[in-house]
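Reading the structure
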Amino acid sequence: MEDDLFADAARQLLQGECTPARVRAIEAGGSPRALWQSLEQAGFADALVPEHAGGAGLALSQLFDVWSLAGAHALPVPLGETMLARALLAGAGAERPPGAIALAQGLLQPDGSLHCAPVRLGAVADSVLVQHAQGWSLLPVAQAQSEPAAFCLDVNLRWSADQVCAAPAPDIALPGGLDLRTLQAGLVAAQLAGALMEVFQRTLQYANDRQQFGRPIGKFQAIQHQLAVMSEHVFAARMAARLGCAGQGIFPERLRVAVAKARCSQAALAVAEAAHAIHGAMGFTEEYDLQLLTRRLHAWRQTAGSESYWHGVAGAALVHGHAGSTLDLIRSTTDITTDITTDITTDITADITA
């Protein structure tokens, strides 16, 4: 299948180009240009752009594995955001700028300036596609006033009124009920799923390798219990995240995204806590790779809304947007095609046997 080939290509590229050493270098202020050029030259940035516009014409469901791999490798550039931004711009017939594009929701101030806080991976993006009260703006990062955010690659950005007026304002139309936050939440859920699986696999390997009292710590019942709880969170989150990307085209179903992001954000806290408990003090050290992933679990949990926000969205759909029973809503939300069911089963089986 085409999406399998795409995922295989992404896996090979990320294994060679997105090493922990490179992630650390970019987090420390190094240039992401070489890594980005490798991704763009391979065609990933235009994967969602229609074929007639020069892209691959893939759907969200075909990119789940790519986004999951990006999460597993702690990819320090906004690849998924650029895919979505270029697809939205292509759909609006707008010019697509070169380089990496971040996504953000902005607040227009009384003086006409535009504030975005925070912009995920804004520190390593060339431009930002912003949705605000008056529509959309495509703004260069280099022109913005920048302030650090909680995560090292995120930034708070501000553009003046003159800069906003001079910027392109693409006429992007989203289907009813969707907004930029929903699109970004589906992406982040897929990346969370990949990072969660990688943290679990690293922790399982550590438990099998680490010796205490003459045997691996993974043989102790307390550690086995922690690993079992981790696995429940990881695989449930992965199924939910894949469901969030299910469907045709580039637009997800908002309720499915709500389920996906809520479940993945909920898992992020539990999995990060258990992983560090099993690793002990070593897991917190800067030199150990685990922290590259667990820091992202905490940061991505909040990105595009935490589990509390998306639980509210799901609750509102049940109370205000559905006339039938709760069970009927659950069935309609989780009703997926045979092909997607096969993908989920194959995906989980592969992860278990890996």
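In short, a report on the structure. (Residues numbered from 1 in each chain as written. Predicted model: local features only at pLDDT ≥ 70, side-chain atom pairs only at ≥ 80, totals over all residues. Heavy atoms only, no water.)

1. A short note on the overall build of the protein
The condition that has to hold: The secondary structure listing takes helices from DSSP runs of H or I that are at least 4 residues long and strands from runs of E that are at least 2 residues long, numbered from the N terminus. A radius of gyration in this sense is built from C-alpha atoms; the matching globule rule multiplies 2.2 Å by the number of residues raised to 0.38. With a 1.4 Å probe rolled over the protein chains alone, any residue whose accessible area is under 20% of its type maximum counts as buried; one over 50% counts as exposed, and the rest are partly exposed. Contact between two residues is taken to exist if any of their heavy atoms lie within 4.5 Å; hydrogens are not considered. Areas reported here follow the Shrake-Rupley algorithm with a probe of radius 1.4 Å; residue values treat only the protein chains shown as occluding.
Looking only at helices and strands, one finds 13 helices and nine strands in the protein. In terms of C-alpha radius of gyration, the protein reaches 20 Å, essentially the compact-globule figure of 20 Å for 354 residues. Its C-alpha atoms give the protein principal-axis dimensions of about 70 × 55 × 40 Å. Taking all 354 residues of the protein together, 51% fall into the buried category. Taking contacts inside the protein between residues at least 6 apart in sequence as the whole, the part at least 24 apart equals 73%. Carbon and sulfur atoms make up 53% of the accessible area of the protein, which amounts to about 15,800 Å² in all.

2. Re the nonpolar core
In plain terms, the rule: Take the buried Ala, Val, Leu, Ile, Met, Phe, Trp, Tyr and Cys residues and link them wherever side-chain atoms come within 4.5 Å; each set so joined is a nonpolar core.
Core analysis: the largest hydrophobic core is formed by 85 residues, its most contacted members being Leu-39, Trp-67 and Leu-129. Counting residues per element, this core draws most heavily on helix 7 (residues 180–209), at 15 residues. Ignoring sequence-local partners within four residues, the contact set of Leu-39 consists of Leu-13, Leu-14, Phe-44, Ala-45, Leu-75, Val-77 and Leu-79.

3. Re the layout of surface pockets
Convention followed: Note on definitions: the grid is 1 Å and covers protein atoms alone; a cavity is a set of points where a 1.4 Å probe fits but cannot get out; a pocket is an open set with protein on both sides within 12 Å along at least five of seven lines; lining residues have an atom within 4 Å of a point. Grid points are joined across faces, edges and corners, and a volume is the space filled by probe spheres set on the points. The nonpolar class holds Ala, Val, Leu, Ile, Met, Phe, Trp, Tyr, Cys and Pro. Asp, Glu, Lys and Arg form the charged class, and all remaining residues, Gly among them, are polar.
Reported here for the second largest pocket is a volume of approximately 410 Å³. Mapped by element, the contributors of at least two residues to the lining of the second largest pocket are strand 1 (101–105), strand 3 (114–119), helix 7 and helix 10 (290–302). Its residues placed into classes, the lining of the second largest pocket shows eleven nonpolar, six polar and three charged.

4. What to know about the sheet that holds strand 2 (residues 107–108)
Convention followed: Criterion used throughout: strands pair if DSSP finds at least two bridges between them.
Overall, antiparallel pairing links the four strands, which are arranged 2-3-7-6 in an open sheet. Either end of the sheet is taken by a strand with one partner, and the two such strands are strand 2 and strand 6 (145–148). Pairing geometry for strand 6 and strand 7 (residues 155–159), over four bridges, is antiparallel. Across the sheet, the residue bridging to Gln-145 is Arg-158, located in strand 7.

5. Let's talk about empty space enclosed by the protein
Within the structure shown, the criterion is met by three cavities of 30 Å³ or more. Put simply, the largest cavity is a space of about 50 Å³. Across the lining of the largest cavity, the residue classes tally to four nonpolar, one polar and three charged. Considering only enclosed or pocket space, the second largest cavity measures out at about 40 Å³ in volume. Lining the second largest cavity are Ala-70, Gly-71, Leu-75, Val-77, Pro-78, Leu-79, Gly-80, Glu-81, Arg-120, Leu-121, Gln-191 and Trp-300. Elements that contribute at least two residues to the lining of the second largest cavity include exactly helix 4 (64–72) and helix 5 (79–91). Top element by residues in the lining of the second largest cavity is helix 5. It accounts for three residues.

6. Some remarks on the packing of helix 9 (residues 254–279) against helix 11 (residues 307–320)
Rules: Axis geometry follows a simple rule: fit a line to the C-alpha atoms, using only the stretch in contact for helices, then measure angles between N-to-C directions, giving values from 0 to 180 degrees. Handedness of a crossing is defined here by the sense of rotation of the near helix relative to the far one, left-handed for an anticlockwise turn of less than a right angle and right-handed for a clockwise turn.
Taken N-terminus to C-terminus, the directions of helix 9 and helix 11 make an angle of 145°; their axes are 8 Å apart at the nearest point. As for how helix 9 packs across helix 11, the hand of that crossing is left-handed. Counted together, Arg-254, Leu-255, Val-257, Ala-258, Lys-261, Ala-262, Ser-265, Gln-266 and Leu-269 of helix 9 and Glu-307, Tyr-309, Trp-310, His-311, Val-313, Ala-314 and Ala-317 of helix 11 form the full contact between these two elements. Tallied by class, the residues present in the contact of helix 9 with helix 11 amount to ten nonpolar, three polar and three charged.

7. Quick look at the sheet that holds strand 5 (residues 135–140)
Strand order in the open sheet formed by three strands is 1-4-5, with mixed pairing between adjacent strands. The sheet terminates laterally at strand 1 and strand 5, the two strands that pair on one side only. In this sheet, neighbouring strand axes are inclined to one another by 20° on average, regardless of whether the strands run parallel or antiparallel. One ladder, built from five bridges, connects strand 1 with strand 4 (residues 127–132); its direction is parallel. Bridging across to strand 4, Leu-103 finds its partner in Leu-129. Packing of helix 5 onto the sheet brings it into contact with strand 1, strand 4 and strand 5, and relative to strand 1 it is tilted by some 80°. Against the sheet, helix 7 makes contact with strand 1, strand 4 and strand 5, and its axis sits at roughly 130° relative to strand 1, the strand it touches most.

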